[in-house]
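# Reading the structure
Each chain, written out:
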Amino acid sequence: MASLVVLLGDQLSNRLPAFDDFEPDTDRVLMAEVEQEARYVPHHPQKILLIFAAMRAFAARLEQQGKSVIYRKIDSAVEADSLEDVVRHELARKHYDRVILTHCGEHRLHRTMRRWQSELPVEDVEIRADTRFIAPLSFFKTWSEGRKAWRMEYFYREMRKRTGLLMNSDGSPTGGQWNFDADNRRAYDGKPPLPEHPRFEMSEATRTLARQIDARFGDHFGALDDFNWPTTHDEAERLLETFIDDALPGFGDFQDALTDGQPFLFHALISSSLNLGLLDPLDVCQRAERAYKEGAAPLNAVEGFIRQILGWREYVRGLYWQLMPDYAERNHLNARKALPWSYWGGHTDMHCIREVVGGIERYGYAHHIQRLMVTGNFALLLGVNPREVCEWYLAVFVDAFEWVELPNTLGMALHADGGVMGSKPYAASGRYIDRQGDYCAHCTYNVKTTSEDDSCPFNSLYWAFLDRNRDRFEGNHRMKMMYRNWDRQNEGKRKATLARARWVRDNVDTL
Ligand code: FAD
Ligand code: DLZ
Ligand code: SF4
């Protein structure tokens, strides 16, 4: 029996069940760089380079292990736009009894692959589980079914118990608390010194690939010059090790910091490695836990870091597959505006937006609070159409795959799911951004005022957001104080604020 194992660009692990019964004599692995995957949203050139370079490196590794790989490069003479074209071409060239796939990370492609079961000229098409997560999808399904409200915190506690991570032998959490979030909110004042991240030398072949990508996808937003993402398991390992040794101790305190000129701070930069399959999430958590046990990192840092991977990452994946495809269509706040031009690098005097978008253009990266409280918050307050915002997030980050991008953007940042991801919207005025760091000190807008011509745009938009969504949020006990503060202002002041917000919304591309 001959099998064709099709591997996607973000499935670079040889521990997948797709390889369980692999017969080197008869079976083949198929990997393909294709235009359709690179263009269905205008992916950042660094994301395309990362995926193609990592795919090529992984194909070489499989070959070394004695598995034959049919690899289609983007400049192949064989005409094929899509993954389906490539699979059909291979099935026409050689006889296979079955095609083996791994459950992919996006509903669009999953739907296509399910169709293959009836449409491809092969006896059998099997879709096997993607086991590169800490819990199987069935765990989330069982946990979520029958619950009135889903909250990550409770899911996370179950995951802690399931894995034993940061647990005492009596079943209580290490340190007596499940969550040290309140200790993770400091601005960064220059101490301790920032960690250095390892440099990954590009091989000559990767340099050639970068030139090809520039020629083909140079019209996409984003620069290639500063590419420094791990493309192999060894490089990802080096990045993780350096993080645990040098940055993890500061991760907790400064997780929410926004610091001018510092896009990385104490963050791990491992999301693309995890999402591509170059790192194993459970191993990453266990190594962080070990650092705590050895006294090399404090509990607030290690718990905070583990919560992101064991909690949020697993949670959003479960939620995505449980609620798709309808989830992508949600627009609870009826947001209709277009995405500001500044998100694609258009000029703006808003320093925070310029700083975050500049980092994305240069690295295909922004850390969590930049994504949530700067670009996400601004889109939420403006009322930008979730579909446009989600497309942007999927395109511009090297780590963006829909299973993780969509719940974070549509749910967490835009509250477009009506509260599934979070019980209240992450709406904030410029004061929040000011408190977290020094962006505002470098801005031409005044973060202290609301309705002047030079007032920070976030400020009036924030109040206008509360005002237009009063029916939805006034009854939310976590937002009562905000409405009280708004109602306490005199009528003239409220009118001036709303007028300024209207002007900001109508003139967003001139800000
Ligand atoms: P660190 O801050 O060092 O955190 C460590 C790891 O925790 C990350 O590598 C990541 O794997 C995991 N993690 C942290 N927060 C989350 C989260 N909310 N959901 C899932 N995993 C998390 N992450 C992606 O991997 N891909 C995306 O497309 C993506 N889109 C996002 C969109 C928005 C609007 C927001 C608010 C967050 C998004 N995130 C996404 C989550 C998070 O911002 C990134 O995982 C993180 O910034 C990656 O950088 P890092 O590796 O330095 O993370
Ligand atoms: C994102 C991406 C890109 C840019 N290119 C390819 C590709 O050429 N070949 C491939 O197999 N996968 C690619 N991917 C990743 C897929 O789009 C990804 O598997 C789905 O988005 C599901 O996560
Ligand atoms: Fe951003 Fe407003 Fe601060 Fe300027 S003043 S950096 S626009 S939050």
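Residues numbered from 1 in each chain as written. Chains lettered and ligands numbered in written order. Predicted model: local features only at pLDDT ≥ 70, side-chain atom pairs only at ≥ 80, totals over all residues. Heavy atoms only, no water.

### Some words on the overall build of the chain
Across its full length, the chain holds 20 helices and five strands. Taken along the three principal axes of its C-alpha coordinates, the chain extends 80 × 55 × 45 Å. For the chain, buried positions account for 58% of its 511 residues. Counting only contacts in the chain whose residues sit at least 6 apart along the sequence, the fraction spanning at least 24 positions is 77%. (Helix = DSSP H or I, 4+ residues; strand = E, 2+ residues; numbered from the N terminus. Buried < 20%, exposed > 50% of the residue type's maximum accessible area, 1.4 Å probe, protein only. Contact = heavy atoms within 4.5 Å.)

### Some words on the site of ligand 2
Within the structure, ligand 2 sits among 19 residues, and Asp10, Ala32, Val34, Glu37 and Glu106 are positioned closest to it. One nitrogen or oxygen atom from the main chain of Gly105 is found 3.5 Å from an oxygen atom belonging to ligand 2. Glu106 is positioned with one of its side-chain polar atoms (N or O) 3.0 Å from an oxygen atom of ligand 2. In the complex, the protein chains occlude 100% of the 490 Å² of accessible area that ligand 2 would expose alone. Secondary structure elements with two or more residues in the shell around ligand 2: helix H1 (35-39), helix H2 (45-64) and helix H4 (107-119). Looking at the shell around ligand 2 residue by residue, the classes come out as 11 nonpolar, three polar and five charged. (Near = heavy atom within 4 Å. Polar contact = N/O pair within 3.5 Å; in protein donor to acceptor, adjacent residues only side chain to side chain. Areas by Shrake-Rupley, 256 points an atom, 1.4 Å probe, with all protein chains shown as cover. Nonpolar A, V, L, I, M, F, W, Y, C, P; charged D, E, K, R; others polar.)

### Some thoughts on the packing of helix H3 (residues 83-93) against H4
Packed helix pairs are characterised by how far apart their axes lie and by the angle those axes make with each other. Following both chains from N to C, one finds H3 and H4 inclined at 25°, their axes separated by 11 Å at the closest point. Considered as vectors, H3 and H4 are oriented roughly parallel to each other. Seen along the crossing, H3 lies across H4 with a hand that is right-handed. Contact residues: Leu83, Glu84, Val87 and Arg88 in H3; Leu109, Thr112, Arg115, Trp116 and Glu119 in H4. Classifying every residue of the contact of H3 with H4 gives four nonpolar, one polar and four charged. (Axes fitted to C-alpha atoms, helices over the stretch in contact; angles between N-to-C directions. Parallel < 35°, antiparallel > 145°, perpendicular 65-115°, else oblique. Left-handed = near helix turned anticlockwise from the far one by under 90°.)

### Quick word on helix H20 (residues 491-506)
The terminal C-alpha atoms of H20, which comprises 16 residues, lie 22 Å apart, in line with the 22 Å expected from a rise of 1.5 Å per residue. Of all the positions in H20, only Thr497, Arg500, Ala501 and Val504 are classed as buried. In an axial view of H20, the angular spread of the buried residues amounts to 100°, which keeps them on one side of the axis. In H20, those exposed residues whose orientation departs by more than 90 degrees from the buried face are Glu491, Lys495, Arg502 and Asp506. Packing partners of the buried residues in H20 comprise helix H17 (457-468) and helix H19 (480-488). Its side-chain oxygen placed 3.1 Å from the backbone nitrogen of Gly492, Asn490 serves as the N-cap of H20. (Expected span 1.5 Å × (residues − 1). Arc of directions from axis to C-beta.)

### A word on the pairing of strand S4 (residues 98-102)
A regular strand carries its side chains on alternate faces of the sheet. For S4, the tally of buried residues reaches five of five residues, placing the bulk of the element in the interior. Direction of pairing for S4 relative to strand S5 (residues 124-128): parallel, over a ladder of five bridges. Within S5, the position partnered with Ile100 by the bridge is Glu126. Regarding the hand of the β-α-β motif, the stretch spanning S4, H4 and S5 is right-handed. (Pairing = 2+ DSSP bridges. Right-handed = clockwise from strand over helix to strand, strands pointing away.)

### Quick notes on the pattern of salt bridges
Under the definition given, this model contains 33 salt bridges. Between Arg128 and Glu126 there is a salt bridge; the shortest N-O distance is 2.7 Å. Residue Glu474 pairs with Arg470 through a salt bridge whose shortest N-O separation is 2.6 Å. (Salt bridge = Lys/Arg side-chain N within 4 Å of Asp/Glu carboxyl O.)

### Re the packing of aromatic side chains
Each aromatic ring pair is specified by the distance between its two centres and by the angle formed by the two planes. Taken as a whole and assessed by the stated rule, the structure comprises 30 aromatic pairs. Ring plane angle 80° and centroid distance 6.0 Å describe the contact between Trp392 and Phe397, whose orientation is recorded as edge-to-face. Residues Trp392 and Phe397 agree in their burial class; the two are buried. Aromatic rings pair up to connect Phe139, Phe140, Trp143, Trp150, Phe155, Trp312 and Tyr315 into one cluster. The residue whose ring lies beneath Arg371 is Tyr365, and the NZ or CZ to ring-centre distance is 5.7 Å. (Phe/Tyr/Trp six-rings, centres within 6.5 Å; stacked < 30°, edge-to-face > 60°. Lys NZ or Arg CZ within 6 Å of the ring centre and 35° of its normal.)

### Examining H2
An ideal rise of 1.5 Å per residue puts 28 Å on 20 residues; H2 measures up with 29 Å between its terminal C-alpha atoms. Most of H2 sits inside the fold, with 14 of its 20 residues counted as buried. Looking at the residues trailing H2, positive phi occurs at Gly66, about 90°.

### Some words on the site of ligand 3
Residues in contact with ligand 3, as listed here, are Met350, Cys352, Gly430, Ile433, Tyr439, Cys440, Cys443, Tyr445, Val447, Cys456 and Phe458. A class-by-class count of the residues in the shell around ligand 3 yields 10 nonpolar, one polar and no charged.

### What about the pairing of strand S2 (residues 28-32)?
Across the five residues that make up S2, a large majority, five, are buried. Where burial is concerned, the two faces of S2 agree: the one with Arg28, Leu30 and Ala32 and the one with Val29 and Met31 are both buried. By the bridge criterion, three bridges tie strand S1 (residues 3-6) to S2 in an arrangement that is parallel. Following the sheet pairing, Val6 is matched in S2 by Leu30. By the bridge criterion, four bridges tie S2 to strand S3 (residues 69-72) in an arrangement that is parallel. For Met31, the partnering residue across the bridge sits in S3 and is Tyr71.

### Quick notes on the side chain of Thr409
Mapped onto the elements of the fold, Thr409 is located in helix H15 (residues 402-413). Excluding residues within four positions of it along the chain, Thr409 makes contact with Val389, Cys390, Tyr393 and Leu414.

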